[in-house]
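What the coordinates show
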Amino acid sequence: MYDNIRVCEVEKYYGNDSHVTKAVDRVSFTVERGEFVGVMGASGSGKTTLLNMLATIDRVTAGHIFYGNTDITELKEEKLSDFRKDNLGFVFQDYNLLDTLTIEENIVLALTIRKKRKSEIKKKCAEIMRLLGIEEIRDKFPYQVSGGQKQRCACARALVSHPQLLLADEPTGALDSRSAQTLLETFTQMNASLHATILMVTHDAFSASYCSRILFLKDGKIFHELVRGQKERRVFLNEILDVLSLTGGEISNAR
């Protein structure tokens, strides 16, 4: 268990000597345990690259990322793989569910791989399916359920092992308005009831308005930050739209 995540002067370059692109440029910030943080910016601003480095999918070019006292930028591949498995949960736009497994089987797969006891697996799976309202589709296959149900299944799979951090990359991008709202309310519920730390990359102002804090990226740098505090979500949404209108960020209208 760690109290916070610290990103310290992180840089990421792509390319070679003749053509180098700086995707992330000396970014620093802290995420406290239990926060729901959004990362916003136009396409090419570096937000997904930043998420991938936090997810240990991509390596930093320079700088450090600390999960508590653990500097993940110093870990070798095998240790990194174990760290990822034990601490992180992922929710991506395209679900990444296995069509040959039922909804329940998709959810328990991670626990099965870790050789948890069957009784423990069954209990944890039942709890998370009940929390996310997908108990009734447990025996269906992904192709038999809606996009919103698939995404809730992906959330359940990410959360069933109680990860320290949930990383979400445009999780509402493929969803209709109603399913997106249900998913975001689920994130809020998980954040409150499970004290799950959530870091969500999004270009959608409506989705971002559910967060407690927003970091805005432009040209690989953090240039602005908004904190929701006690504000109504509608007020926070309007503040987000105001910032995006100044930055050239893609603005999605409120639903």
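Quick notes on the rules
Residues numbered from 1 in each chain as written. Predicted model: local features only at pLDDT ≥ 70, side-chain atom pairs only at ≥ 80, totals over all residues. Heavy atoms only, no water. Pairing = 2+ DSSP bridges. Helix = DSSP H or I, 4+ residues; strand = E, 2+ residues; numbered from the N terminus. 1 Å grid on protein atoms, 1.4 Å probe; cavity = no way out; pocket = protein on both sides within 12 Å on 5 of 7 lines; lining within 4 Å. Points joined across faces, edges and corners; volume = space filled by probe spheres on them. Nonpolar A, V, L, I, M, F, W, Y, C, P; charged D, E, K, R; others polar. Salt bridge = Lys/Arg side-chain N within 4 Å of Asp/Glu carboxyl O. Buried < 20%, exposed > 50% of the residue type's maximum accessible area, 1.4 Å probe, protein only.

1. What about the sheet that holds strand E2 (residues 19–32)?
Strand order in this open sheet of 4 strands is E2-E1-E4-E5, and the pairing throughout is antiparallel. For this open sheet the edge positions go to E2 and strand E5 (70–71), each flanked by a neighbour on one side alone. Where strand E1 (residues 4–16) meets E2, 10 bridges bridge the pair, whose relative direction is antiparallel. Counterpart to Gly15 in the pairing with E2 is Val20.

2. Points about unusual backbone geometry
Residue Glu9 is not a glycine yet carries a positive backbone phi of 50 degrees. Its identity as a non-glycine residue notwithstanding, Arg26 has a phi of 50 degrees, on the positive side. With respect to the helices and strands, Arg26 occurs in strand E2.

3. Details of the layout of surface pockets
In this structure, the second largest pocket spans a volume of roughly 170 Å³. His162, Pro163, Gln164, Leu194 and His195 are, among the 10 residues lining the second largest pocket, the residues nearest its centre. Residue composition of the lining of the second largest pocket, by class: 5 nonpolar, 4 polar and 1 charged.

4. Structural notes on the pattern of salt bridges
On inspection of all chains with the given rule, the structure shows 13 salt bridges. Across the pair Glu104 and Arg138 runs a salt bridge, and its minimum N-O distance is 2.9 Å. A residue pair is termed long-range when its members are at least 10 positions apart, and Glu104 in helix H3 (residues 103–113) and Arg138 in the loop between helix H4 (118–132) and helix H5 (147–159) qualify at 34 residues. Glu104 gets classed as buried once you look at its relative accessible area, which sits at 18%. Residues participating in the shared-partner salt-bridge network are Lys22, Asp25 and Lys221.

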